Amino acid sequence: AQSVAQPEDQVNVAEGNPLTVKCTYSVSGNPYLFWYVQYPNRGLQFLLKYITGDNLVKGSYGFEAEFNKSQTSFHLKKPSALVSDSALYFCAVRVTDSWGKLQFGAGTQVVVTP
Amino acid sequence: DGGITQSPKYLFRKEGQNVTLSCEQNLNHDAMYWYRQDPGQGLRLIYYSQIVNDFQKGDIAEGYSVSREKKESFPLTVTSAQKNPTAFYLCASSPPNGGELFFGEGSRLTVL
């Protein structure tokens, strides 16, 4: 069975400091991995995805993620956090038995303080 | 602009009543999905549909029903059999290559 874990319920960071949101996965075969962001009472916005190729994936709003097969991780990173990055972040993995269907982690709340 | 439209944004329901949430997309996507979001639990899949006139149960389908009569539309009915329907409901669609999901803005259902 496919699954994804986000070990931190909340991450606190000062504006201007690096931001990292952790994600680990368990999947049969090659993983398709995704990051989404959600602002209060809004839908999810796509940030980036890893399908194949370079382990470092660049996405929207200055975010990037590093795929590490040996550690089964896909951590989201941003070199310099902004207050506007405060939101709920979800990692997701594609379920291999049905194209498109995603399994989501529980989410990590990011709080960036001025 | 292309996108997914969910309505209503907020909905209140009395216990014992059925309610239908609308989801319309103009992205020409074949696949559509309904997820339920509860605090601290992430998103859980209710139903999904890969083509018109076909749909499958997700992880938490009990107490819900759907239809897929048109490619653009995938309405979700929350029935009186759903024991704890208060939640934030998200509709999504994806293109044929199985890439990322595109989400609507969500519908918040509160049972009084």
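Everything here concerns the structure above.
Residues numbered from 1 in each chain as written. Chains lettered and ligands numbered in written order. Predicted model: local features only at pLDDT ≥ 70, side-chain atom pairs only at ≥ 80, totals over all residues. Heavy atoms only, no water.

**Topic: the interface of chain B and chain A**
Listed by partner, the interface residues are 28 residues for chain B and 21 residues for chain A. Summed over both partners, the interface of chain B with chain A buries about 1,900 Å², with 51% contributed by carbon and sulfur atoms. Close ionic contact of Arg42 of chain A with Glu105 of chain B constitutes a salt bridge, the shortest N to O distance being 2.2 Å. Here chain B is connected to chain A by seven residue pairs in polar contact (both at pLDDT 80 or more). Looking at the side of chain B that touches chain A, the elements that each hand over two or more residues are strand 4 (31–37), strand 5 (43–51) and strand 9 (87–94) of chain B. Tallied by class, residues from the side of chain B that touches chain A come to 13 nonpolar, ten polar and five charged. (Contact = heavy atoms within 4.5 Å. Buried area = accessible area lost by both parts, 1.4 Å probe. Salt bridge = Lys/Arg side-chain N within 4 Å of Asp/Glu carboxyl O. Polar contact = N/O pair within 3.5 Å; in protein donor to acceptor, adjacent residues only side chain to side chain. Helix = DSSP H or I, 4+ residues; strand = E, 2+ residues; numbered from the N terminus. Nonpolar A, V, L, I, M, F, W, Y, C, P; charged D, E, K, R; others polar.)

**Things to note about the packing of aromatic side chains**
Under the criterion given, the structure shown has 14 aromatic pairs over all chains. Residues Tyr36 of chain A and Phe104 of chain A carry aromatic rings whose centres are separated by 5.9 Å and whose planes lie at 50 degrees to one another, so their mutual orientation is tilted. You can see Tyr36 of chain A sitting in strand 5 (residues 33–38) and its partner Phe104 of chain A sitting in strand 11 (residues 102–104), a full 68 residues away along the chain. By relative accessible area, Phe104 of chain A is classed as buried at 6%. For the ring pair Phe104 of chain A and Phe103 of chain B, a centre distance of 6.1 Å and an interplane angle of 75 degrees mean the geometry is edge-to-face. Separated into two different chains, Phe104 of chain A in strand 11 and Phe103 of chain B in strand 10 (residues 102–103) make up a pair that spans both. Residue classification places Phe103 of chain B among the buried positions, given a relative accessible area of 10%. The rings of Tyr36, Phe46, Phe90 and Phe104 of chain A together with Tyr35 and Phe103 of chain B are connected pair by pair, giving a single aromatic cluster. Across the ring face of Phe74 of chain B, the terminal group of Arg68 of chain B is positioned such that the distance to the ring centre comes to 5.9 Å. (Phe/Tyr/Trp six-rings, centres within 6.5 Å; stacked < 30°, edge-to-face > 60°. Buried < 20%, exposed > 50% of the residue type's maximum accessible area, 1.4 Å probe, protein only. Lys NZ or Arg CZ within 6 Å of the ring centre and 35° of its normal.)

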